[in-house]
Amino acid sequence: MKKRLFAHTRKARSGRAARSVFCRCRSADPAEPAGGQDASNVVWVYAVTTEVGTEQLSGVTGVAGEPVRAVSNAGLSAVVGTVGDTSNGDRPLTRLLVGLTAIETAGRAHHQVVASLAEDNPVLPVRLATVYPDDATIRRQLAERHTELAVMVESFRDTEEWGVKVYADPYGQPIGPVIPDDLPSLESLWLQAEACAEEISQALSDIAVATRHRPSPDPRYGADSGWMVLNGAYLLETERADEFTEIVASITAEHAALRADVTGPWPPYSFAETGEL
């Protein structure tokens, strides 16, 4: 019988830098003026989705507190906001992205826009700080890559991303850095923990639409929370979310040395493929 079960589920709260096919990140460089466009402004892109109307975006604000809007073409919409300079002449991206606190704040605001869209629409998240000089440029990209973008957006319909991190307390002791001298080698215990984590990963992958695994840190440098033996993202059909969390809880309950941290639902950040326009 398992002595402890720390598996739990958290709603996604903070933003993350998303990977995207719809991105040409121009970071802190000034945007070039085009057709009279004010060079002090840039257009920040949040996501590509099916065509949305102004009523759906009413009240939604972006990274600079700006109202977001849709730039649409042939059934696709890029949801964007115009980010302008401050009165003291700072460049817009410099103001938003200099310093960890500013980046975190921008990331959270970016995520909130993407997440609000994902409640009612399939979304293709766009990487943080993807900007263009004007709406016309974005509309042109939607037209030129319409087929590719439409297929990707549709592939995310009725799906959501969930994350799972599995930690091992290999000695079955309260999680911490103290290791008794008379217990098996770290290598042996690590292999056992990895085998258990692989069991969880395979069971989750069997019901997922797609899976992404991220590297786990070396156990020699692990935190007091234990060894991280699995760090995965899973794209699920929305209706299978409860089944997903039940599988995690069931398998970790069978292993006294494991606990799982489950997060979600997220927009499909980990499954938006990279690429440049």
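Residues numbered from 1 in each chain as written. Predicted model: local features only at pLDDT ≥ 70, side-chain atom pairs only at ≥ 80, totals over all residues. Heavy atoms only, no water.

Right, let's talk about the pairing of strand 10 (residues 258–266) for a bit. Of all nine residues in strand 10, eight are buried; the element is thus mostly enclosed. Two strands pair when backbone bridges link them, and strand 7 (residues 159–168) and strand 10 are joined in this way by seven bridges, in the antiparallel orientation. Its bridge partner being in strand 10, Tyr167 is matched across the sheet by Arg259. (Buried < 20%, exposed > 50% of the residue type's maximum accessible area, 1.4 Å probe, protein only. Helix = DSSP H or I, 4+ residues; strand = E, 2+ residues; numbered from the N terminus. Pairing = 2+ DSSP bridges.)

Time to look at the packing of aromatic side chains. Considering all chains together, one arrives at four aromatic pairs under this definition. Their ring planes at 55° and their centres at 5.5 Å tell us that Tyr234 and Phe244 sit as a pair that is tilted. One end of the pair, Tyr234, is in strand 9 (residues 227–237); the other, Phe244, is in helix 6 (residues 241–253), and ten residues separate them in sequence. Each member of the aromatic cluster is reached from another via a ring pair, and the members are Trp162, Tyr234 and Phe244. Geometry around Tyr167 places Arg259 over its ring, the cationic atom sitting 4.3 Å from the centre. (Phe/Tyr/Trp six-rings, centres within 6.5 Å; stacked < 30°, edge-to-face > 60°. Lys NZ or Arg CZ within 6 Å of the ring centre and 35° of its normal.)

Moving on, we get to the confidence of the model for the protein chain. On average, the protein chain scores 78 in pLDDT, and the residues at 70 or more come to 71%. Per-element confidence in the protein chain ranges from a low mean pLDDT of 37 for strand 1 (residues 8–10) to a high of 96 for strand 5 (residues 123–125). Contacts from residues 1–36, a stretch scored under 50 in pLDDT, to residues over four places away or in other chains number 120 contacts. Scored below 50 in pLDDT, residues 173–179 shows eleven contacts in the model against residues more than four places distant or in partner chains. (pLDDT = per-residue confidence, 0-100. Contact = heavy atoms within 4.5 Å.)

Per the counting criterion, the structure on display carries six salt bridges. As a salt-bridge pair, Glu104 and Arg108 come within 3.2 Å of each other at their nearest N and O atoms. Here the residue Glu104 and the residue Arg108 both occupy positions in helix 2 (residues 100–118), the gap between them amounting to four residues, near one helical turn. Residue classification places Arg108 among the partly exposed positions, given a relative accessible area of 36%. One salt bridge in this structure joins Glu161 and Arg214, with 3.9 Å as the shortest N-O distance. (Salt bridge = Lys/Arg side-chain N within 4 Å of Asp/Glu carboxyl O.)

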